[in-house]
Each structure stands twice: as structure tokens, then as C-alpha cells.
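Chain by chain, the residues:
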Amino acid sequence: MRRATTWKRAVVLQAMCLLGGAGTAGAVTPTNVTKVARVTGATPSGEALPNPNQTHTNYEVYGTDLGIVWDKGGGEVFVLFGDTFGAGWCGNGGCGGGWRSNVLARSADTTLSNGLSFTTMVQDGPRHAKEVLASRKVDNDEITVIPTAGVSVGTRHFIHYMSVKHWGDPGQWITNHAGIAYSDDNGQSWVKHPTARWANNASFTNPFQMGAFVKNGGFVYLYATPNGRFGNVHLARVPEGSLLDINAYRYWDGNGWSASQAAARPVVIGIAGELSVAYNAALGRFLMTYLNEHRQAVVLRDAGTPTGPWSGEKLLATGAAFPGIYNGFIHPWGNSASELYFITSQWTPYNTFLMRATLTADTDGNNLLSEPGFETQGATPTMAPWYLAGAGGIDRALGGAHSGQDNGFVRGASGWNALKQSVVVQPYTDYTLKGWLRSSSNTSRGFFGARAAGNGPILAETQFGSLPSWAERTVTFNSGANSIVEVYSGVWADAGDTWAQLDDVSLTRGSNLVAQGGFEQQPSSTATSPWSVQGNGGVDRGLGFARTGANNGFVRNNTGWNALKQEVAVTPNTVYTLTGWVKTSSTQNDGYFGARVLNAGPILNEVHLTQPQGGYTLQSVTFNSGANHSVEVYAGTWANAGDTWLQVDDVAVVRN
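Residues numbered from 1 in each chain as written. Predicted model: local features only at pLDDT ≥ 70, side-chain atom pairs only at ≥ 80, totals over all residues. Heavy atoms only, no water.

**Some thoughts on the overall build of the chain**
- Each helix and strand counted, the chain has one helix and 43 strands in total.
- Taken over C-alpha atoms, the radius of gyration comes to 26 Å for the chain, in line with the 26 Å a tight globule of 656 residues would show.
- By its C-alpha atoms, the chain is 80 × 70 × 50 Å across when sized along the principal axes.
- When each of the 656 residues of the chain is scored for burial, the buried share is 58%.
- For the chain, restricting intrachain contacts to residue pairs at least 6 apart in sequence, the fraction spanning at least 24 positions comes to 64%.
- The averaged location of the 46 negative side-chain charges in the chain is 3 Å from the averaged location of its 43 positive side-chain charges. (Helix = DSSP H or I, 4+ residues; strand = E, 2+ residues; numbered from the N terminus. Rg over C-alpha atoms; globule rule 2.2 N^0.38 Å. Buried < 20%, exposed > 50% of the residue type's maximum accessible area, 1.4 Å probe, protein only. Contact = heavy atoms within 4.5 Å. Lys, Arg positive; Asp, Glu negative; His and termini not counted. Charge placed at Lys NZ, Arg CZ, Asp CG, Glu CD.)

**So, the sheet that holds strand S21 (residues 329–330)**
- Reading across from one edge, S1-S23-S22-S21 is the order of the four strands in this open sheet, with antiparallel pairing throughout. The open sheet has two edge strands with one neighbour each: strand S1 (28–38) and S21.
- Examined bridge by bridge, S21 and strand S22 (residues 339–346) share two bridges and lie antiparallel to one another. In the strand pairing of S22, Phe329 is matched with Ile343. (Pairing = 2+ DSSP bridges.)

**Describing the nonpolar core**
- Residues Leu433, Phe448, Phe477, Leu502 and Leu507 are the most contacted members of the largest nonpolar core, which totals 28 residues.
- Breaking this core down by element, the ones donating at least two residues are strand S27 (416–424), strand S28 (430–439), strand S29 (446–452), strand S30 (458–464), strand S31 (471–478), strand S32 (484–492) and strand S33 (498–509).
- With four residues, the single largest contributor to this core is S33.
- With residues up to four places along the chain from it excluded, the contact list for Leu502 reads Phe374, Trp386, Asn407, Gly408, Leu419, Trp436, Leu437, Phe448, Trp470 and Ser489.
- Within the second largest apolar cluster, 25 residues are counted, among which are Leu513, Trp531, Val621 and Val653. (Core = buried A, V, L, I, M, F, W, Y, C linked by side-chain atoms within 4.5 Å.)

**Remarks on the environment of Pro226**
- Summarising the element assignment, Pro226 is placed in the loop between strand S13 (219–225) and strand S14 (231–239).
- Each C-alpha atom, one on Pro226 and one on Gly273, is 8.7 Å from the other, the two residues being 47 residues apart in sequence.

**What to know about the layout of surface pockets**
- The space that makes up the largest pocket amounts to roughly 980 Å³.
- Among the elements of the structure, strand S17 (268–280), strand S19 (297–303), S27, S33 and strand S37 (561–569) are those that each provide at least two residues to the lining of the largest pocket. (1 Å grid on protein atoms, 1.4 Å probe; cavity = no way out; pocket = protein on both sides within 12 Å on 5 of 7 lines; lining within 4 Å. Points joined across faces, edges and corners; volume = space filled by probe spheres on them.)

**With respect to the pattern of salt bridges**
- The full count for this structure, using the stated rule, is 21 salt bridges.
- Across the pair Arg229 and Glu274 runs a salt bridge, and its minimum N-O distance is 3.0 Å. Taken as a pair, Arg229 in the loop between S13 and S14 and Glu274 in strand S17 lie far apart in primary sequence, 45 residues in all.
- Its relative accessible area of 3% is what places Glu274 among the buried residues.
- Linked by salt bridges that have partners in common, Arg285, Asp302, Lys314 and Asp362 make up one network. (Salt bridge = Lys/Arg side-chain N within 4 Å of Asp/Glu carboxyl O.)

**Topic: empty space enclosed by the protein**
- Inspection of every chain in the model, using the stated rule, returns four cavities of 30 Å³ or more.
- Forming the walls of the second largest cavity are Trp531, Leu564, Phe593, Val633, Tyr634, Ala635, Val648 and Val651.
- A total of three residues in the lining of the second largest cavity trace back to one element, the largest contributor, which is strand S42 (residues 630–638).

**Some details on the pairing of strand S8 (residues 144–153)**
- Taking burial as the measure, the 10 residues of S8 include 10 buried ones, the bulk of the element.
- Pairing between S8 and strand S9 (residues 156–167): nine bridges, direction antiparallel. Directly across from Thr144, in S9, lies its bridge partner Val164.
- Counted between consecutive antiparallel strands, the loop separating S8 from S9 contains two residues, among which Gly154 sits at a positive phi close to 65°.

**What about the pairing of S30?**
- Across six bridges, S29 lies against S30 in antiparallel orientation. Bridge assignment links Gly446 to a residue of S30, and that residue is Phe464.
- Here S29 folds back onto S30, and the loop between the two strands holds five residues, one of which, Gly454, carries a positive phi near 70°.

**Some points on the packing of aromatic side chains**
- Within the structure shown, the criterion is met by 24 aromatic pairs.
- Considering the side-chain rings of Trp416 and Tyr488, the 6.5 Å spacing of their centres and the 70° angle between planes classify their relative orientation as edge-to-face. A residue pair is termed long-range when its members are at least 10 positions apart, and Trp416 in strand S27 and Tyr488 in strand S32 qualify at 72 residues.
- A relative accessible area of 4% places Tyr488 in the buried class.
- Taken together, the ring pairs connect Phe85, Trp99, Tyr326, Trp347 and Tyr350 into an aromatic cluster.
- Over the ring of Tyr161 we find Lys192, and its NZ or CZ is 5.7 Å from the ring centre.
- Geometry around Tyr634 places Arg596 over its ring, the cationic atom sitting 6.0 Å from the centre. (Phe/Tyr/Trp six-rings, centres within 6.5 Å; stacked < 30°, edge-to-face > 60°. Lys NZ or Arg CZ within 6 Å of the ring centre and 35° of its normal.)

**Focus on unusual backbone geometry**
- With an omega dihedral of 5°, the bond running from Gly308 to Pro309 counts as a cis peptide bond.
- Looking at where Pro309 falls in the secondary structure, it is placed in the loop between S19 and strand S20 (314–318).
- Following Ala384, the chain continues into Pro385 via a peptide bond in cis, with omega recorded as 5°.
- Along the chain, the position of Pro385 falls in the loop between strand S23 (351–361) and strand S24 (387–389).
- With a phi close to 65°, Asn186 is a non-glycine residue in the positive phi region.
- Along the chain, the position of Asn186 falls in the loop between strand S10 (173–183) and strand S11 (191–199).
- Asn186 sits in the partly exposed class, given a relative accessible area of 30%.
- Unlike most non-glycine residues, Asn599 shows phi in positive territory, near 60°.

**Points about the sheet that holds S9**
- Strand order in the open sheet formed by four strands is S8-S9-S10-S11, with antiparallel pairing between adjacent strands. Two strands bound the open sheet, and with one partner strand each, they are S8 and S11. Geometrically, the sheet is characterised by an average inter-axis angle of 25° between neighbouring strands, direction not taken into account.
- Note: S10 against S11, five bridges, orientation antiparallel. The residue of S11 that forms the bridge with Tyr182 is Val191. (Axes fitted to C-alpha atoms, helices over the stretch in contact; angles between N-to-C directions.)

**Details of the confidence of the model for the chain**
- Confidence along the chain averages 93 in pLDDT terms, with 95% of residues attaining 70 or more.
- For the stretch residues 1–24, pLDDT sits under 50, and the model shows 85 contacts to residues farther than four places along the chain or on other chains. (pLDDT = per-residue confidence, 0-100.)

Okay, here's the thing in C-alpha cells:
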């Protein structure tokens, strides 16, 4: 796989060992990352790692990369690799004989502490790993076909792949399309489905070109990025039985699921390449790894639900410790609340390795910002994930940080100087931004706040002047229509040399998990994402019927079941309280307000409204989410007595 990584400077990993064990649904941070064993290639002189597979002699695999792992059923996993070379291989990607665009292994090894042993590799001849997905191997046409994800449903196996048109500069390549191939014979042969594809666009920015699959709750979730390593992470999902039906996919639009791919909004800010996502049952959390080229490291995020909110980035494996590293594919076995196994690639020696990390409890799990305390910042030009407007940098171990050893700073003699970071948010949702600030005595116009991405409109900010000692500032804001916001702290240097310092920054989401609970942002009288209607209903817009604001939801009909409903992401086995204000017609005698499992599943709890609600009445339901990562909340009525209506407003779900 011809994707060299150029490391400009070292990134230092400072393990943040926090007190306490990792509990269910608790956020984690990785520490103590070590190489366990070599997975592919020959053992070079001086290397002491176990090498159980000896792929150079057993399968004519001298050099390869990736190592995408998934549970295929039957007590085995598949391990899928990228561009592969045989005899004549020269020590890095893109040279040698026996070029195959991809090869596939099977493994039943459950003891990962001493390495990952293959049962076999899929072969097309004795001791020769087979190319499972063919490519034209013509530059600027289709130079190669690279797998990016795999999943099995029943006995059918699926590979998400990208058709690469051209390898460009390091980390930058362009694709023709992404697609899905399938196998019904245990991986021996594969068919590229002709219509299960995501065509790239003319500007080569389609966000679904590289992927990661996760099965959960009857769906397969597809996390995806554009071609290359510099895009955001988007999300789609499809029922398990419909993976090959491109029209069955629904795309996360920031609040709910849309049939339109164009409506997709990010779930995670890049810079993201070689994505991997898995569910860790011991933690009750989803884990995401990818290469952040700007940070020159493979990073980890975690979340309690598939849609997030995802934590900030945490350094998993750095280029300083493992030169040329560019992926971390999570192994589905052997992981626990305290251990994580994953496969990495290194450009030189262009081969793959099994690695292990220790997971420790992370008290900043609700913080959506990466590097909030600047503690693992490397001396890189971009200071990723923080970026500068004007002049500034990192005070490294100078003894003046609010906590830890480092803090960020800006300093200039003129103009605007600011530290800033972009982060994914849910539209029309409340957030709280906090940070500790200190500034020079001549500071008169300092600002700490949040704005729309790309120096867009300010959502909220607080102004500060001279702060001779560290002082905490808090800003609350609603994200509005934005799915990405930019947080910032900066000063206008109006009086010559002016500085400000920043440390221990946090961004947390408000407690209400219902999106658009007051219906104020609904664009028309037809209910749209995240709300949907079963039967007949919609939105009363500016009609004077709302409890608060201008709008409310309603259902109305002469017959049958009519309900407003919304899918809400939750943490499994957790208690929540659903509240909402309901008003009904005098004919209403069989209404319900509650929560249930998706797809008309079992009711978790509900209130039965047997009497008319002549004015808005507060309804409250407490429920346990059970094994579910999403539930459906609803307000509806059976129209048993002719024309019947129900109105609802100010709906909320909060964790107890």
C-alpha cells in the first residue's frame, strides 16, 4: 500500500495514569503501549519479537500493511491486508515482485499475549497468498484496490474497499469509488457488488471512501472518511440483512438518520486516516482509532453510543516511539476493561505488528476537546489539535501551568492572537465551555468563546482583561444549526506586547438527549429529522398552540395509531427520565407517552393517558435502557372516538 508517512518531529507520549479502574460505560485513556509480536514478514537481524506466521516463506508475503481484523464466526477471525509484495521486496512499500493488492488470513488464536498466529491464508497456489480483490493496476485508472473494513453477517462475509485511482503525496490519494464485496465460501472467493458503491465526486471529497464496520442492535454501522488522511469521520448505518442495498443506508445528519447521503454530517473531526471502530463489551463503550497525520500519531477516542458524542483524542501510539506508524486496527478478541490489542503498520519495514495498550480510567470522558491540558503536545509546527491565529505556542515545563506541566499561550505585539480548536457538536444543543486563563497586565480585549467553524458567527463568548493569576471562565451556548464549532481563547494586542495563557479547557454537552425537544428548529409543518410521524401529524408552527416558544408537535386523525417519535442514543443498562408536556382533544382516551426498543420493540416504560388533557400537563416516565444503545421516545394516541388530536412540547431525556 503506497502511502508513505513523513514524520517531521517527534511526538512525546506522556501516559496520563488516572486513579480508579475502568468501569462499565467509563471513558478510558491508553498507556503502556508495547509491541507484542510481528504479524507479517521475516524477522530482521536483531529483532527479538515472536514471529509465529513466517509469512515470507509460508505465503510469499514479504511486505504488506493494514491488518484489518473482524470476527467471522465459527471461532475464527479474518485478518485483511493491503498492497502485498513477495520476493525482491526492498524494505518499504511499493517495490518487489509478486504484487497483490490485498491478501487475507484466518486465525483462531485466542491467546494474544504472545502473538497472533494464523490458521492459514487464502491461497491460489501452494504457499502463495491469493489476491482476493482484483485491480487493474493502471495508474490514473485503477492503480490498486485496498480493503478498509470487514464484517460478517451469518455465513456471508463483507469487505469495504476503495478503488484507488492514483497515489499522490504522502497521505494524499484519490479514489474512483468505494464499494462492498462479499464472499459465501469462507473467504476463498469474493464478488464486488455492482451497485453497493459510493462514487467519488469530481473534487474527490466524497466522505464515504474509507470505512470501518461495527455491528450493533441489528444494524451495521459504517464509519467513513474521504480518500487520504485529512478528512472528518462521517457515519451511516444499514440493517444487517441489507448491506448490499445502497438505498437501505441511512446517514447521520447531526440529529437523526436521513436517506440522503448529502445530509451526512461529521461525528468526529479529522485529521483521520486508516479508521478502526469496535465495541468493547467489558467497557460498554465504542472505541475508535485512526492516524492523525498532524499529530504524527495513532489516536484513540471513545463513546457510549455509536453516534457519540465522541471524546477528545488520546494518544495511542506515536511516530516517535514507532517510526512510520499509520494505523491501529482493533482486534475483536482479547480486549478487556484494562487491555486493548490492535494491529499496526510501519512504513519501514512495511509490515504489520500486534500491539497491546493498557486502558486506565479517564475522568475527562465527557470532555469533547482533544488535548485539553496541552500535556502531550509535541513541538510540531501546527500544534495539532490546537491551531493558532497570530502568534503563540506551548509553554512546556516552565512551571507556570494551571495543572500538569504544560499550557498553551498566545503572545503578540499587534492584531488578533488566538488558540483555537474545532469540534463536532449536535445542532441546536446546549453546551458549556470552561477554561482557565491568565493574561498580561496590558490586556484589555481578551475573548474566550465558541463560534461557527471557519471564523463564522460568534455563538457566545466572555471578555477578559488583565488576569494576574489563573481564573476560570465559563461560556454557555447553543450550537444552533452548526454541526462543527470552533472554540477559542485570544487577545487583541492593542498596547504592544500582550500575552494570554490557557489551560484545562473543557467542552461538555447539556443533559437533554432529545434533539429539538421544543420543535423550534423544525423548518416546516411536516416533521423532519430527528422527529418522525407514524400515522398523521406534524408541527404547529407559530399557531399559538405551543407551551413555550412558537412551535409544538402534534398528531391528529380519525382512526388508528398516530404518534410523534424520535430515536435517542443512550448508554446500555442505564436509568433515564423522559419528560414532556402533553395536551389533547376531549375525544382522546387512549394516549401513550414513553420509550421503547427500536423497530416497534418492547416497551421500556410509558404513561397511559386515559383521560383528555385539557391543558398542557407534564408527563414523566423513568426507564432503564437495557441492552440498547438507542431507544425510541414517542407521544401518540389511538383515534378511537373520531377526530382526535394530541399536542406535545418541551420533550427531554436525561440520565438519572
